[in-house]
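Observations on the three-dimensional arrangement
Each chain is listed here by its residues.
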Amino acid sequence: MSASTTLNEPFNNLEKLPHSPCVTLYHRNGRVGCGTLEREVMTGRLLHWSAVVSNGSNESNAQSSLPPYVAVLDEADYTSQTIEMLQTFSSNFVAGDEYGPVTDGGGPLRGVLVLSTDPSNVDGVTFPSPEPLTPQGDGTPMENLSVGSSYEWNVNNNGDGLTFTDMSGLPTVYVADSQTAAYLRNVASEQANSISSDLTTAVYPSVLSEFNYYMGPSETTDGTKVTSQQCLEWKDLDGNWSPKCLPLGGNSIWAVAGTPVPLGYTDDENANDNNQDRPTVILSASIDSTSMFHELSPGANTAASNILSLLLAAELLGSSIKDEVLDQLYSRITFAFFQGESHGFIGSRLFVKDVIGGFECQAGNEGIPSVLKRKDEASTVRACLNPLRTDLTFQNLGDIRGMIAVDQVGNLGGGKNLYVQGGTENGFDAFLSEVMIELSANGEYTAQASSASNNNEDGTASLPPSPVSSLVKLSASGAGGVVLTGYDDAFVANSLYHSHLDSVSMSQSIDKDAIAASATLLARSAVAAAYQNENNEVDAATAAAYALNLLPNAVSSSSTTFENIYNCLFSDGNCDAFVKYASVESANDAIHTGFNLGIGQPLGKPPNFYVSVYNHENGQGFVAASGFKYGAMDSSAEDKEDYVKDYGDNENDAILLRPSLLEMSLNGLLNDFLGRGSFVDSNDGTAPDLVDCSSSNDCSSVSYCSSSDSSELAAISTCAGGKCICGSRAHYHPAVDEAISPVANEAPGWFTIDENDQGVSAMITEPFWSSFVGVRAYNDAGTGVGIYASISGALLTSICIFVVHRLKKGLVKEKVY
């Protein structure tokens, strides 16, 4: 398609216009995002948005109706201000019927096409962040979840707030292909020029765009706002339960460094015998991102850089320090990769709430074997049927002493300074901050205390959006932590925070060395934090020196591991390395459970870190019992159906899970990186040659995991990424809004609001998509052409009939008919 094509040349029909749709979500109090008003399509001629706005400023043009139009704009102009101007002008008119009947009562603005910027014209172009100035803070559904919700972290990116704008009635899509975008840009500009200053003129032929993007109602028939709760509990006209949406969610992944946490039930009396009285220090990262467009959340700086730095920290620690050394530290070191953090800290809040809030399983905290036929095997985890938890090992973690999170360390704004957010008060938080600054003092990349203001009522520092906020809020400030960031008191300028352009293939610039330096600092800080004793008697300099002694080497951005994982997270999410790790995890699960569920949702090429909807195909755990599947199970319920049998009635009963490709890969990578501290060295004192494997079945005969000093779990070899390692250390934990629970004895995908809901979470859900959604563009010649064509056709038909009649008579005369 030529970018110079105009209306004077043949128009290429785009019956299926290549595009990415705008996000539509419900939350606790309403709706955000785009979509058509009703189920009927919305159609209008393509006009450049500036023509609409400039004409709209001329009140003499005001009419009761206008021919419908679709506003075409460049991505740099896709802001809340532009949308407000377009909507304000449209609200003064009704849509005419020039391009078909309009029955939804909406205005003439029928949709928006957002076009990718011309690659030859990007110099000096600023792309605003669609998030508000206060991300996940004031004015958002998450404002009760942030520490310092009024702090403006997103000021340097012209935080726009478009993410949380309700644009119901305004379907919007993004056109990424540069040639298609240039073509549509030219068409829209020429059509705008052809009508001059009169929007009331329906010029023919016109190129139109048709949107079929009904994403659910914004209001009920009585005028009340539709919320996530109403959407989840929707009933049809016959009163039958018929949900119209699903929660967002997936799985978080956590793993410990050192001897694996015991899997069995541990009560308070024997906790010390199992080394369970140790507190834990958590290193955490968010593994998701978001943007205005569902399929375009590349998250290079907001997700990928965090994941990479924390993974490499785990590798550095696991490959350098023996389990027996880590086990002597006062605190345990735990790595946690939290899912759904961009939508209200979904993963971290549920995890922290379960660990410190005292999770209560309906049938008792002892739980049940997750795989019935393997109930006597040491590697079988416990599970809870209601509320469903596929793995109860988190109960044995101990108290959370503190947390170190990492955020946006891939783009430092061109400098070499990292910053420590929080830790301004006395206590363990302050110790963490001092240690991180001490450890980086002599490095090329240095960490320093953030200058973010202490504007909270209690005098504490505001925290940027991170899992640390969940710990502070849920512990009522009884526990906290710090955040290692690539920004000081505000996100760096042009960081493209939660933008569809946060990609190395588009506009994002990533500093690999900054990520490597962050990984090194995280690993050393974790060791120093775990070294601190119960009474906080170790000073930062001593703890830092101890950590440097154990971890003298640093992560290198040129290492093979760095480059391989970098490629997976920033370029090709379906890379060979991720597929290999996930395939092994899938094979291990199939062998253990007897069910082969395969690999879940792919990450995509380029990667898309948008969190999925939550059902059994996309990360929701479920019970497989007596041939049925349940999102949760309560066989003691009085109103249960006859087919609901007790868990354990069938020998094949199991608790199953199908995580995404990213989640499975992280699980395997953590097992690999942290499972090497239990190796028994060869006779010459070197690390053993690892046995190749495709599943855990190939690892039964390895000898380097056997040791009298090893725990039972550490001595059990397993397969991770194609190598036999010692002991499985990684675990999944559900990442779904704390207020939403699967319904007991119903199939997966049916949810209700928890009876203990405190009314604070964001409760984000996504409406079901029709299989017919899409956008097309086509040329409309107008009704006059149709009438002319009909008359011409009728005349031609008459002539043909006359000619055929004369020809028949001639053939009869010649006796050949």
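Structure report, in brief.

About the thresholds
Residues numbered from 1 in each chain as written. Predicted model: local features only at pLDDT ≥ 70, side-chain atom pairs only at ≥ 80, totals over all residues. Heavy atoms only, no water. Helix = DSSP H or I, 4+ residues; strand = E, 2+ residues; numbered from the N terminus. Buried < 20%, exposed > 50% of the residue type's maximum accessible area, 1.4 Å probe, protein only. Contact = heavy atoms within 4.5 Å. Patch = residues over 30% accessible without salt bridge, like charges linked within 9 Å, V, L, I, M, F, W, Y side chains within 5 Å. Areas by Shrake-Rupley, 256 points an atom, 1.4 Å probe, with all protein chains shown as cover. Salt bridge = Lys/Arg side-chain N within 4 Å of Asp/Glu carboxyl O. Lys, Arg positive; Asp, Glu negative; His and termini not counted. Charge placed at Lys NZ, Arg CZ, Asp CG, Glu CD. Pairing = 2+ DSSP bridges. Phe/Tyr/Trp six-rings, centres within 6.5 Å; stacked < 30°, edge-to-face > 60°. Core = buried A, V, L, I, M, F, W, Y, C linked by side-chain atoms within 4.5 Å. Axes fitted to C-alpha atoms, helices over the stretch in contact; angles between N-to-C directions. Parallel < 35°, antiparallel > 145°, perpendicular 65-115°, else oblique. Nonpolar A, V, L, I, M, F, W, Y, C, P; charged D, E, K, R; others polar. Polar contact = N/O pair within 3.5 Å; in protein donor to acceptor, adjacent residues only side chain to side chain. Disulfide = S-S within 2.5 Å. Left-handed = near helix turned anticlockwise from the far one by under 90°.

We now examine the overall build of the chain. What the chain contains, in helices and strands, is 15 helices and 32 strands. Of all 817 residues assigned to the chain, the portion counted as buried reaches 56%. Taking all contacts inside the chain whose residues are at least 6 apart in sequence as the whole, residues at least 24 apart take part in 80%.

Residues Glu 638, Asp 639, Glu 641, Asp 642 and Glu 746 make up a contiguous surface patch of negative charge. Its place among the elements puts Glu 638 in the loop between β24 (628-630) and β25 (654-656). Under the relative-accessibility criterion, Glu 638 is labelled exposed at 84%.

Right, let's talk about the environment of Leu 296 for a bit. The topology assignment puts Leu 296 in the loop between β14 (280-286) and α5 (300-320). For Leu 296 and Pro 21, which are 275 residues apart along the polypeptide, the C-alpha to C-alpha distance reads 9.0 Å. Setting aside its immediate chain neighbours within four residues, Leu 296 contacts Ser 20, Tyr 174, Ser 291, His 500 and Asn 608.

Attention now moves to the sheet that holds strand β17 (residues 382-385). Within the open sheet, the three strands sit side by side as β16-β17-β18. Their pairing is antiparallel. Looking at which strands have only one partner, the edges of the open sheet turn out to be β16 (368-369) and β18 (388-389). In the sheet, β16 pairs with β17 via two bridges, with the strands oriented antiparallel. Across the sheet, residue Ile 368 finds its bridge partner in β17, namely Ala 383.

Glancing now at the pattern of salt bridges. If you walk through the whole model with that rule in mind, you get 13 salt bridges. Arg 658 is the partner of Glu 617 in a salt bridge, and the nearest nitrogen-oxygen pair spans 3.3 Å. Of this pair, Glu 617 sits in the loop between α13 (576-593) and β23 (622-625) while Arg 658 sits in the loop between β25 and α14 (661-674), placing them 41 residues apart in sequence. By relative accessible area, which is 19% here, Arg 658 ends up buried. In this structure, Asp 692 engages Lys 723 in a salt bridge whose closest nitrogen and oxygen atoms are separated by 2.4 Å. Placement of the pair is Asp 692 in the loop between α14 and β26 (717-720) and Lys 723 in strand β27 (residues 723-726), with a sequence separation of 31 residues. Owing to a relative accessible area of 53%, Asp 692 belongs among the exposed residues under this scheme. The class of Lys 723 is partly exposed, set by a relative accessible area of 30%.

Turning next to the packing of aromatic side chains. Applying the stated criterion to the full structure yields 19 aromatic pairs. Ring centres of Tyr 566 and Phe 570 lie 4.2 Å apart, and the angle between their planes is 20°; on these two criteria the pair is classed as stacked. Highlighted residues: Tyr 566 and Phe 570, both in helix α12 (residues 560-570), separated by four residues, approximately one helical turn. Judged by relative accessible area, which is 12%, Tyr 566 ranks as buried. Using a relative accessible area of 4% as the deciding quantity, one classes Phe 570 as buried.

Here we take up the nonpolar core. With 85 residues, the main nonpolar core has Ile 333, Phe 335, Leu 569 and Leu 670 as its most contacted residues. Every residue in contact with Leu 569, bar those within four places of it in the chain, is listed here: Ala 304, Ile 307, Leu 308, Phe 578, Pro 607, Phe 609 and Leu 662. Judged by nonpolar contacts, the second largest core, of 32 residues, contains Cys 22, Leu 47, Phe 93 and Leu 496.

The next point concerns the packing of α13 against α14. Put simply, α13 and α14 touch, their axes get as near as 8 Å, and they point 85° apart. The angle between the axes of α13 and α14 places the two elements in the roughly perpendicular class. Counting all contacts with α13, which are made through Phe 578, Val 579, Tyr 581, Ala 582, Glu 585 and Ser 586, the residues of α14 involved are Leu 661, Leu 662, Met 664, Ser 665, Asn 667, Gly 668, Leu 669, Asn 671 and Asp 672. Of the residues that constitute the contact of α13 with α14, the class distribution is eight nonpolar, five polar and two charged.

As a further point, take the side chain of Ser 146. Mapped onto the elements, Ser 146 comes out in the loop between β8 (109-115) and β9 (166-168). A distance of 2.4 Å separates a polar atom in the side chain of Ser 146 from the backbone oxygen of Gln 136. Every residue in contact with Ser 146, bar those within four places of it in the chain, is listed here: Pro 135, Gln 136, Gly 137, Phe 345 and Lys 473.

Let us look at the state of the cysteines. Under the criterion given, the structure shown has seven disulfides. Disulfide partner of Cys 231: Cys 245, at an S-S distance of 2.4 Å. Here Cys 245 lies in strand β12 (residues 245-247) and Cys 231 lies in helix α4 (residues 228-232), a separation of 14 residues in the sequence. Take Cys 231 and Cys 245: they sit in the same class, and that class is buried. Each sulfur of the disulfide joining Cys 699 and Cys 724 lies 2.0 Å from the other. Taking the sign of the torsion about the S-S bond as the criterion, the disulfide between Cys 699 and Cys 724, at about -85°, is left-handed. Of this pair, Cys 699 sits in the loop between α14 and β26 while Cys 724 sits in strand β27, and the two are 25 residues apart along the sequence. An identical accessibility class is assigned to Cys 699 and Cys 724; each is buried.

Turning next to the sheet that holds strand β28 (residues 730-736). What the eight strands build is an open sheet, ordered β21-β20-β22-β19-β14-β15-β13-β28; its pairing is mixed. The strands lining the two open edges of the sheet, one partner per strand, are β21 (446-449) and β28. The average undirected angle you get between the axes of adjacent strands in this sheet is 25°. Judged from the seven bridges that link them, strand β13 (residues 249-257) and β28 form a sheet pairing that is antiparallel. In the sheet register, Trp 254 faces β28, and the bridge partner there is His 731.

Contact pair helix α8 (residues 428-439) / helix α10 (residues 512-531): the axes reach a minimum separation of 10 Å and the direction vectors enclose 135°. Overall, the two elements α8 and α10 adopt an arrangement that is oblique. Between α8 and α10 lies a crossing of right-handed hand. Side by side, α8 and α10 meet where Phe 428, Phe 431, Leu 432, Val 435, Met 436 and Leu 439 of the first sit next to Leu 521, Leu 522, Arg 524, Ser 525, Ala 528 and Ala 529 of the second. When the residues that make up the contact of α8 with α10 are grouped by side-chain class, the tally is ten nonpolar, one polar and one charged.

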